[in-house]
Amino acid sequence: MSFLQPAMLWALPIIALPIVIHLINQRRYRTIEWAAMTFLLAATTMSRGYARIRQWLILAMRTLAIAGLVFAISRPLASGWLRLAAPGTVDTTIVLLDTSPSMQQQGNRAGVTKLDAARTQLMQSLKLIHSNHWIVIDSATLQPHEIESPEMLDSLVPTKSTSASADIPGMLQAAYEYLRDNRPSQTEIWICSDLRQNDWDAESARWKVLREAFLEAPTPTRFHLLAYGDGAAGNRSIRLTAAETRETMSGRELLISLVVRQSEAEKTTLPVRLEVAGGITEIPVELTGTETELVNYAIPLAGDPQKRGWGRLKIPADANSADNEFYFVFDEPPPRQTMIVAENDKGVRSLQLAAEIAPDVETVSAARVMTPQQAQTADWDQVALLLWQAELPDDSLRPLVESVVDRGGRVIFFPPEGNSADEFAGLGWGDWHEEPVGFQTVNWRQDQDLLANVRSGEALPVNELSITRYRTIEGEQSKLATLDSGDALLSCAITPRRNVYFCGTRATDDHSTLARNGIVLYAMIQRALADGAESLAAARQVVAGEVDADQSVHWQRLASDDAAVSTRFRFHAGAYEQNERLYAVNRSSDEDRPLIVDSERTAGLFQGLQFDRVDEQTGEDNALLREIWATFLFLMLLALIAEAALSIPRRRPSQANVTPAFVKEAAA
């Protein structure tokens, strides 16, 4: 229990006032012995013990009444589980509100989402706590916003739902930088989230840096986590995996591929509503498990067939409306161009073949091989994939490679023979390792990225690769494949777009069976090439929040949520247009995977810091904090009533009952 007016507790010593008055009254009169009084004292000997108890009870009731009054004036707070509020006035209160799509999940009370419940809980609780400054960290932009009162949480744009995933460590970093620049005294940070793994990125090294920074801060910071980790029963999500047009004998048609995921394996037929080119089509999709994929479903484009346009997939309403629709745009696909930069021709032929052989006859793919010197004068504007098998780019080539990365292209580095202390995107090359028998790949990431399973769910034969010579990858990285030696075979650099890869071996027989096996190398390069080509297409599918503000400043709305303001289009699902380019913005694929950071892991992220956690259920209306001064007033009233009852004089015996025997007994 804590208090809104803790200074009033200094008045608690006045509860001793009745005792002091009692002691003073005992010394107030001078005692004179005389015979009649001696007789009366002797007569009341039998009742003296009860009288003393009654006097002490009266003193106790008076003391409790005064204590109840003092506590009531101090405005005590109570919570259901924890002592959440620090005593005294807080100088700065910072709110980190997760506004990602998963926070749109509804609870038991219809129409109330996790985000709605979190906002309401925060407003009800924070308005009871005095703070000199109120700060909200924008979940989408990571920018701090100062507000006048907690009531503004309900109307502030950064507290509204978005289609962008949250970056909790990034929000904490923004909070730390605000505290570092403004140096407030007592600070509290309130975090409201559903603990999705993709939002928390609990394995990131950023957590260790943040924890140490807060521990070394000159003023302590108290953290409160309001967790909404309850799952959604009966929820389904839809995602488009491909959309393209093609000419047929009967005219132009649209080919779409989609995936429907459901939280429980249920066999049913789901009507999927497709809106494209002004028409609406309903596609029946037979659901047979937790994940169902529909590939190349053909939709004739009636009327004036267009080669470019936008569309939307939608499924019936369920627990989470944020994953029930998916926007897409389509246009003529750009040619897939790959640039291979190598010290020499050795080992690059297999890379060139894997890049040039298109997955279908309609896709145009080309790959050029050149040396680093030739690359300086090459055309980099149309490069979708860069395969680099040479010393890491020097100062003359580094800006060109970074232009591909910043545009959204893909870059895969293969190890050079020579040693170099350089690095790119935080990664560099270590020592060479050789094993004639061959190293084996013991695990790799199969759910997404370059080595993900194929559409049927079957895994790539990565474990069948034999690596006889590889080079360690140095730096902070996300391992996509790991050898039995513990070193990474393929890693992704920790960059905003996650589009820079390092492969620890070469596709030559004296290094690995990548070329001989073929399947893994081809899948890896074709996936990187397809993703990189997206950056060159006139119609682009982008993940909400991963487009720079400068690129989206002139976007025009084609279709999206009407509540989205133009300056924040890049954070909201929809279809947009700018300079003959089409953009479809949607949530990330991680939002469709309800993986939660467990309690032990969450507590470990805040180890050593002042940290409290409350688990909430969506739809419940339990206030985190409530004032309980009325309870103390009621206890004071009970104490006064008891004191009054004890103060009533004992009923005197009637004259008829005063017999000689009674007097004798009383005098005995």
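Preceding block: the structure.
What you see is a predicted model; the values in this text were computed from it and never measured.

Q: An account of the overall build of the chain is needed here, citing residue identities and associated values.
A: The number of helices and strands found in the chain is 16 helices and 30 strands. Within the chain, counting contacts between residues at least 6 apart in sequence, those at least 24 apart form 74% of the total. Of the roughly 33,200 Å² of accessible surface on the chain, a fraction of 53% belongs to carbon and sulfur atoms.

Q: Describe in detail the pattern of salt bridges, supporting the description with residues and values.
A: For the coordinates displayed, the defined rule picks out 25 salt bridges. Between D592 and R239 there is a salt bridge, with the nearest N and O atoms lying 3.0 Å from each other. Taken together, the positions of D592 in the loop between β28 (581-586) and α14 (599-605) and R239 in strand β8 (residues 236-248) put the pair 353 residues apart, joining distant regions of the chain. In terms of burial, D592 and R239 fall into one category: buried. Ionic pairing is found between R246 and E253, a salt bridge with its closest N-O pair at 2.7 Å. By relative accessible area, which is 33% here, R246 ends up partly exposed.

Q: Account for the sheet that holds strand β20 (residues 441-444), naming residues and giving values.
A: With mixed pairing, the eight strands of this open sheet are ordered in space as β16-β15-β17-β18-β24-β23-β22-β20. Unpaired on one side and paired on the other, β16 (365-370) and β20 mark the two borders of the sheet. Taken pair by pair, the neighbouring strands of this sheet meet at an average axis angle of 20°, ignoring direction. The sheet contact formed by β20 and strand β22 (residues 477-483) spans three bridges and is antiparallel. Each residue of the ladder has a partner; that of W444, found in β22, is A481. Running at roughly 130° to strand β18 (residues 410-413), helix α10 (residues 398-407) makes contact with β17 (385-389), β18 and β24 (500-503) of the sheet.

Q: I'd like a description of the pairing of strand β9 (residues 251-262), backed by residues and values.
A: Counting buried residues in β9 gives 11 out of 12 residues, a clear majority hidden from the surface. As judged from the 12 bridges shared by β8 and β9, these two strands associate in the antiparallel manner. Across the sheet, the residue bridging to T248 is G251, located in β9. Looking at chain direction, β9 and strand β12 (residues 291-300) are connected through eight bridges and run antiparallel.

Q: Describe unusual backbone geometry, naming the residues involved and giving the relevant values.
A: Despite not being glycine, L195 shows a phi value in the positive range, around 65°. A relative accessible area of 1% places L195 in the buried class. Not every positive phi belongs to a glycine, and N579 is a case in point at roughly 50°. Under the relative-accessibility criterion, N579 is labelled exposed at 67%.

Q: So what about the packing of helix α8 (residues 349-356) against helix α12 (residues 519-534)? Which residues, and what values?
A: Between α8 and α12, the shortest axis-to-axis distance is 8 Å and the interhelical angle comes to 55°. Comparing their axes, α12 and α8 come out oblique. Judged by the twist between their axes, the crossing of α8 over α12 is right-handed. Across the interface between the two elements, S350, L351, A354 and A355 from α8 touch L521, Y522, I525, Q526 and L529 from α12. A per-class count over the contact of α8 with α12 returns seven nonpolar, two polar and no charged.

Q: Explain the packing of aromatic side chains to me, and be specific about the residues and the numbers.
A: Scanning all chains against the criterion turns up 16 aromatic pairs. Between W555 and Y583, the aromatic rings sit 4.8 Å apart at their centres with planes inclined by 25°, giving stacked as the arrangement. Here the residue W555 occupies a position in the loop between α13 (549-552) and β26 (556-560), and Y583 occupies one in strand β28, the gap between them amounting to 28 residues. The exposure classification of W555 matches that of Y583, with both residues buried. Among the aromatic residues, ring-to-ring pairing joins Y176, W200, W207, F214, F223, F606 and F611 into one connected group. The lysine or arginine in question, R469, covers the ring of W432, its NZ or CZ lying 4.0 Å from the ring centre.

Q: Outline the nonpolar core, listing residues and values.
A: In this structure, L351, L387, I412, L451, L490, L521 and I525 are the most contacted members of the largest nonpolar core, which totals 40 residues. Elements represented by at least two residues in this core include exactly β15 (336-342), α8, β17, β21 (467-474), β22, β23 (488-493), β24 and α12. Examining the composition of this core, we find that eight residues originate from one element, α12, more than from any other. L387 has contacts with T338, M339, I340, V341, L351, I412, F414 and I525, leaving out every residue within four places of it along the chain. In terms of nonpolar packing, the next biggest core, distinct from the first, is built from 27 residues, L172, A174, I189 and L225 among them.

Q: Describe a negative patch on the surface, with residues and values.
A: Together, D394, D395, D422 and E423 give the surface a local cluster of negative charge. Relative to the elements of secondary structure, D395 occurs in the loop between β17 and α10. What makes D395 exposed here is its relative accessible area of 70%.

Q: Give me the lowdown on α10, citing residues and values where you can.
A: What α10 keeps buried is the set V401, V404, V405 and R407. In this fold, the buried residues of α10 make contact with β17, β18, β24 and β25 (539-543). G408 occupies a position one or two residues after α10 and carries a positive phi of about 110°.

Q: So what's going on with the sheet that holds strand β27 (residues 574-578)? Which residues, and what values?
A: Taking strand neighbours across the sheet as the criterion, the four strands line up as β25-β28-β27-β26 in an open arrangement whose pairing is mixed. The open sheet has two free edges, formed respectively by β25 and β26, since each of these has just one partner strand. For this sheet, the mean angle separating the axes of adjacent strands, direction not counted, is 25°.

Q: Which residues make up the environment of Q578, and what values go with them?
A: Structurally, Q578 is set in strand β27. Put simply, Q578 and V553 are 25 residues apart on the chain and 9.2 Å apart in space, counted from C-alpha to C-alpha. When residues no more than four places from it in sequence are discounted, the contact partners of Q578 are Q551, S552, H554, W555 and Y583. A polar atom in the side chain of Q578 sits 3.2 Å from the side chain of W555.

About the cut-offs
Residues numbered from 1 in each chain as written. Predicted model: local features only at pLDDT ≥ 70, side-chain atom pairs only at ≥ 80, totals over all residues. Heavy atoms only, no water. Helix = DSSP H or I, 4+ residues; strand = E, 2+ residues; numbered from the N terminus. Contact = heavy atoms within 4.5 Å. Areas by Shrake-Rupley, 256 points an atom, 1.4 Å probe, with all protein chains shown as cover. Salt bridge = Lys/Arg side-chain N within 4 Å of Asp/Glu carboxyl O. Buried < 20%, exposed > 50% of the residue type's maximum accessible area, 1.4 Å probe, protein only. Pairing = 2+ DSSP bridges. Axes fitted to C-alpha atoms, helices over the stretch in contact; angles between N-to-C directions. Parallel < 35°, antiparallel > 145°, perpendicular 65-115°, else oblique. Left-handed = near helix turned anticlockwise from the far one by under 90°. Nonpolar A, V, L, I, M, F, W, Y, C, P; charged D, E, K, R; others polar. Phe/Tyr/Trp six-rings, centres within 6.5 Å; stacked < 30°, edge-to-face > 60°. Lys NZ or Arg CZ within 6 Å of the ring centre and 35° of its normal. Core = buried A, V, L, I, M, F, W, Y, C linked by side-chain atoms within 4.5 Å. Patch = residues over 30% accessible without salt bridge, like charges linked within 9 Å, V, L, I, M, F, W, Y side chains within 5 Å. Lys, Arg positive; Asp, Glu negative; His and termini not counted. Charge placed at Lys NZ, Arg CZ, Asp CG, Glu CD. Polar contact = N/O pair within 3.5 Å; in protein donor to acceptor, adjacent residues only side chain to side chain.

Any functional reading would require information that these geometric values do not contain.
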